[in-house]
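Structure assessment
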Amino acid sequence: MSDPNLSMVGDLIKAFYHENNRDNALAEQKILDSWKDVVGDFIASHTLKTSISNGVLYVKVDADSLRNELIFSKSVIFEKLNNCVGTEILKDIIIR
């Protein structure tokens, strides 16, 4: 017999995020964690900061030449990061 008042931990976590308007928080974190895998060690080592706000990934790098290369490759990176979570969480990437 199971107690009807018991819930699965995963369901409780999803409900918590939903109640706090953070439905995409886990997917956003997975995107941030996947940055190094998508762009490689070299670019990751020159990345100063990554953050996501309102579906926009903000990336700060330490060299203008690298920033230009990332801007050129933005659509490929965008697609790979969204594929990491299996849905279109990101709306844009801004590279600084």
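Reference entry: report on the structure contained in this document. Quick caveat: nothing in here was measured; it's all calculated off a predicted structure.

Let's shift gears to the overall build of the protein chain. Looking only at helices and strands, the protein chain features 5 helices and 3 strands. Across the protein chain, helices and strands are ordered from the amino to the carboxyl terminus as α-α-α-β-β-α-α-β. At 17 Å, the protein chain has a C-alpha radius of gyration far larger than the 12 Å of a compact globule built from 96 residues. Seen through its C-alpha atoms, the protein chain measures out along the principal axes to roughly 60 × 25 × 20 Å. Burial statistics for the protein chain: of 96 residues in total, 26% are counted as buried. A fraction of 50% describes how many contacts in the protein chain between residues 6 or more apart in sequence connect residues 24 or more apart.

Here the focus is helix α5 (residues 74-85). Between its terminal C-alpha atoms α5 stretches 17 Å, which fits the 16 Å expected from 12 residues at 1.5 Å a residue. Turning to α5, its buried residues number three or more, namely Ile77, Leu81 and Asn82. Around the axis of α5, the buried residues are gathered within 125° of arc, so they sit on the same side. When the buried face of α5 is taken as reference, the exposed residues oriented beyond 90 degrees from it are Ser75, Glu79 and Asn83. Turning to α5, the residues buried within the fold contact α2 (25-39), β2 (56-61), α4 (64-72) and β3 (92-95). One or two positions beyond α5, positive phi appears at Gly86, with a value near 75°.

It is worth spelling out the sheet that holds strand β1 (residues 47-53) at this point. Taken together, the 3 strands give an open sheet; going across it, the order is β1-β2-β3, and neighbouring strands pair in mixed fashion. If you trace the sheet from one side to the other, it starts and ends with β1 and β3, each paired once. Ignoring which end each strand starts from, the neighbouring axes of this sheet average 15° apart. Most of the contacts of α5 go to β3, to which it runs at about 130°, and overall it touches β2 and β3.

Attention now goes to the side chain of Asn82. Assignment of secondary structure puts Asn82 in helix α5. A distance of 3.0 Å separates a polar side-chain atom of Asn82 from the backbone nitrogen of Leu90.

Looking now at the nonpolar core. Grouped together as the largest cluster of nonpolar side chains are 18 residues, with contacts concentrated most on Trp35, Leu57, Ile77, Leu81 and Ile93. Breaking this core down by element, the ones donating at least two residues are α2, β2, α4, α5 and β3. Looking at this core, the element that brings in the most residues is α2, giving 5 residues. Filtering out sequence-adjacent residues up to four positions away, Ile93 remains in contact with Leu57, Val59, Lys74, Ile77, Phe78 and Leu81.

Calculation rules
- For every chain, the first residue of the written sequence is number 1, and numbering continues from 1 along that sequence.
- Residue-level local features of this predicted model are given only where pLDDT is at least 70; pairs of side-chain atoms are given and counted only at 80 or more, and the full residue set underlies all totals for whole chains, interfaces and linings.
- No hydrogens and no water enter the side-chain calculation; it runs on all heavy atoms of the structure.
- Strands here are runs of E lasting at least two residues and helices are runs of H or I lasting at least four, both read from the DSSP assignment and numbered beginning at the N terminus.
- All radius of gyration figures rest on C-alpha atoms, and the globule criterion is 2.2 Å times the number of residues raised to 0.38.
- Relative accessibility under 20% of the residue-type maximum defines a buried residue, over 50% an exposed one, and the middle range a partly exposed one, all with a 1.4 Å probe and only protein chains included.
- Throughout, a residue-residue contact means that at least one pair of heavy atoms, one from each residue, lies within 4.5 Å.
- The span you would expect from a helix comes to 1.5 Å times its residue count less one.
- Working definition: the arc comes from the directions between the helix axis and the C-beta atoms, pointing outward to the latter.
- Strand pairing is assigned whenever DSSP detects at least two bridges linking the two strands.
- Angular values range over 0 to 180 degrees, each being the angle between N-to-C directions of two axes fitted as lines to C-alpha atoms, with helices fitted over their stretch in contact.
- Pairs of N or O atoms within 3.5 Å make up the polar contacts considered here, provided that, within protein, one atom can donate a hydrogen while the other can accept it, and that residues adjacent in sequence are counted only when both atoms are side-chain atoms.
- We define a nonpolar core as any set of buried Ala, Val, Leu, Ile, Met, Phe, Trp, Tyr and Cys residues linked to one another through side-chain atoms lying within 4.5 Å.

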